[in-house]
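Fold and contact review
Below, each chain spelled out in residue letters.
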Amino acid sequence: MNSALNPHTILIANDDSSFCLLIEEAFHEVRANLTLFFVEDGKQLLDYLYRRGPYQDPLNSPVPDLLLLDLNMPKLDGREALVQIKSDPKLKTIPIVILSSSYHEEDISKCYNAGANSFIVNPLTFDQLAVAMQSLCNYWLSVVSLPPKKI
């Protein structure tokens, strides 16, 4: 990966702390130059992106290169957050990968129609999760030219 000098920032919005630990460990196995940030609900996600409350300092809440978004979260679910993010000119270029336990065609279709860039159903094993995160890093952080950060 070409991120030796500039680590990529991934923001993970997921309310399941156990799954977040697994994601963190899977990224650790990838050995990419990443900085991970976590929020646990849609309200915190929007506060982070709009730099409100505890997220005002850009050093502690940098603009993400990639957002991993769970659909089923408290306060504001991922579906609603996705629509708000993709309808904002300042935020809509942030690539959003849905990482959810939902495999329903309706959820998948609605997310793509709302502007999601990818949809990954949560892998069942840690090894599958590590492979998925490796593939995600290879594609989004090495192959793709990411949009410039606007915020």
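Residues numbered from 1 in each chain as written. Predicted model: local features only at pLDDT ≥ 70, side-chain atom pairs only at ≥ 80, totals over all residues. Heavy atoms only, no water.

The chain carries the name Response regulator in an unreviewed UniProt entry, which gives Phormidium pseudopriestleyi FRX01 as its organism.

Here we look at the packing of aromatic side chains
Per the counting criterion, the structure on display carries 3 aromatic pairs. For the pair Tyr 48 and Tyr 55, a centre-to-centre distance of 5.5 Å together with 55° between the ring planes defines the contact as tilted. The same class applies to Tyr 48 and to Tyr 55, which are both buried. Seen from their ring centres, Tyr 139 and Trp 140 are 5.1 Å apart, and the 85° between their planes marks the pair as edge-to-face. Residue class for Tyr 139 comes out partly exposed when judged on its relative accessible area of 43%. Clustering of aromatic rings is evident, with ring pairs tying together Phe 37, Tyr 48 and Tyr 55. (Phe/Tyr/Trp six-rings, centres within 6.5 Å; stacked < 30°, edge-to-face > 60°. Buried < 20%, exposed > 50% of the residue type's maximum accessible area, 1.4 Å probe, protein only.)

Brief notes about helix α2 (residues 42-49)
Counting buried positions along α2 gives 6 out of 8 residues, so the element sits mostly inside the fold. Packed against the buried residues of α2 are β1 (8-13), β2 (34-39), β3 (66-69) and α3 (78-86). Here α2 starts with a cap whose side-chain oxygen sits 2.9 Å from the backbone nitrogen of Lys 43, and that cap is Asp 41. Phi turns positive one or two residues past the end of α2, at Arg 51, with a value near 55°. (Helix = DSSP H or I, 4+ residues; strand = E, 2+ residues; numbered from the N terminus. Contact = heavy atoms within 4.5 Å. Polar contact = N/O pair within 3.5 Å; in protein donor to acceptor, adjacent residues only side chain to side chain.)

Quick notes on the environment of Arg 31
Mapping Arg 31 onto the fold places it in the loop between α1 (17-30) and β2. Taking the C-alpha atoms as reference points, Arg 31 and Gln 134, separated by 103 residues in sequence, lie 9.0 Å from one another.

Topic: the UniProt feature "domain: Response regulatory" (unreviewed entry) in the chain
Within the UniProt annotation, "domain: Response regulatory" (unreviewed entry) is assigned to residues 9-137. For residues 9-137, the end-to-end C-alpha separation is 11 Å, with 41% helix and 19% strand making up the annotated structure. (UniProt positions renumbered as here; feature names shortened; annotations may be inferred.)

Re the UniProt feature "modified residue: 4-aspartylphosphate" (unreviewed entry) in the chain
Taking the UniProt record as the reference, the feature "modified residue: 4-aspartylphosphate" (unreviewed entry) is found at Asp 70. As for its placement among the helices and strands, Asp 70 is situated in the loop between β3 and α3. Relative accessible area serves as the criterion here: at 7%, Asp 70 is assigned to the buried category. Aside from chain neighbours lying at most four places away, what touches Asp 70 is Ala 13, Asn 14, Asp 15, Gly 78, Leu 99 and Ser 100.

Observations regarding the side chain of Asn 14
You can see Asn 14 is positioned in the loop between β1 and α1. Only 2.8 Å separates the side chain of Asn 14 from the backbone nitrogen of Asp 16, close enough to count as a polar contact. For Asn 14, the contacting residues outside a window of four places in its chain are Phe 19, Cys 20, Val 39, Glu 40, Asp 70, Met 73 and Leu 99.

Thoughts on the packing of α2 against α3
Each pair of packed helices can be described by the angle between their axes along with the distance between the axes. At a minimum axis distance of 9 Å, the contact between α2 and α3 shows a crossing angle of 20°. When the axis of α2 is compared with that of α3, the two are roughly parallel. Relative to α3, α2 is oriented so that their crossing is right-handed. Residues Leu 45, Leu 46 and Leu 49 of α2 form the contact with α3, whose own contacting residues are Ala 81, Gln 84 and Ile 85. Classifying every residue of the contact of α2 with α3 by side-chain character gives 5 nonpolar, 1 polar and no charged. (Axes fitted to C-alpha atoms, helices over the stretch in contact; angles between N-to-C directions. Parallel < 35°, antiparallel > 145°, perpendicular 65-115°, else oblique. Left-handed = near helix turned anticlockwise from the far one by under 90°. Nonpolar A, V, L, I, M, F, W, Y, C, P; charged D, E, K, R; others polar.)

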